[in-house]
Amino acid sequence: MFRNILIIFTLLSLFAGLTALNSMDFYPPSLKKVLQKADSTTTQLKELTLSENAQSQIPMGKFYGISSAPRQFVYIGRVNACRAGGCMDPSPNARFGDEYEYFDYFILFDSAYSVQEVKVYNYQATHGQEITSKNWLKQFRRYVGSKRLITGKNIDGISGATISVEAIVYDIEQKTNLLREEAPR
């Protein structure tokens, strides 16, 4: 009996993860707008082929090359962050997945793998919306992965948005370094 419940729980968890990824908008209107501003031609995204190891590091995102701008790239992904109070909700009425919130965002890179723009386009968390601010996100421009991003040192913190700040800072650092390792030369 316990084994059957465990199998069902595992299958539901996998299905929920796949459904969440399938529900992501991998070409959001805000990205189209940024790309059109840079180039008036029709822009298409071509998914990059990554190594198995790299692919395992981005279960909820994808890297693309930009057709109208050779050697420029975009990462589009989802970041899961814990709810305020931690990842383990002690409430007896909590359902699986209730302990996480998420947001979707993209990073636009130039040919030197330098961050040109970061935009959060779908924020589904109850706290920390301040990370969607253009002014706060500007501090990632020109980041190339050569140094660690540390909140409070080279990245401004946001009071009341600590969980979201830490989640996006970690993700931007990781994805920038992953692109540098995996992008076609």
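The rules we used
Residues numbered from 1 in each chain as written. Predicted model: local features only at pLDDT ≥ 70, side-chain atom pairs only at ≥ 80, totals over all residues. Heavy atoms only, no water. Helix = DSSP H or I, 4+ residues; strand = E, 2+ residues; numbered from the N terminus. Buried < 20%, exposed > 50% of the residue type's maximum accessible area, 1.4 Å probe, protein only. Pairing = 2+ DSSP bridges. Salt bridge = Lys/Arg side-chain N within 4 Å of Asp/Glu carboxyl O. Axes fitted to C-alpha atoms, helices over the stretch in contact; angles between N-to-C directions. Contact = heavy atoms within 4.5 Å.

## Section: unusual backbone geometry
Despite not being glycine, Tyr113 has its phi angle at roughly 65 degrees, a positive value. On the secondary structure map, Tyr113 appears in the loop between β4 (100-109) and β5 (115-123).

## A closer look at the pairing of strand β2 (residues 61-66)
Counted residue by residue, β2 has five buried out of six residues, so it is predominantly covered. In terms of strand pairing, strand β1 (residues 45-47) meets β2 through three bridges, oriented antiparallel. Across the sheet, residue Leu45 finds its bridge partner in β2, namely Ile66. As defined by bridge partners, β2 adjoins strand β3 (residues 73-82) across five bridges and the pair is classed as antiparallel.

## What to know about the pattern of salt bridges
Enumeration according to the criterion identifies three salt bridges in this entry. Salt-bridge contacts for Asp104 lead to Arg78; the nearest nitrogen and oxygen are separated by 2.6 Å. Of this pair, Asp104 sits in strand β4 while Arg78 is found in strand β3, placing the two residues 26 residues apart along the sequence. Of the residues examined, Asp104 reaches a relative accessible area of 1% and is grouped as buried. When the shortest N-O distance is used, the salt bridge between Asp171 and Lys175 registers 2.8 Å. Of this pair, Asp171 and Lys175 both sit in helix α5 (residues 162-182), separated by four residues, roughly a single helical turn. Each member of the pair, Asp171 as well as Lys175, carries the same accessibility label: buried.

## Some points on the sheet that holds β2
One open sheet holds the five strands; their spatial order is β1-β2-β3-β4-β5, and the pairing between them is antiparallel. Edge positions in the sheet fall to β1 and β5, since each of these pairs with one other strand and no more. Here the strands of the sheet are splayed against their neighbours by 30 degrees on average, with no regard to which way each runs. Along the sheet, helix α2 (residues 29-38) makes contact with β1, β2, β3, β4 and β5, crossing β4 at roughly 15 degrees.

Structural measurements only, silent on function.
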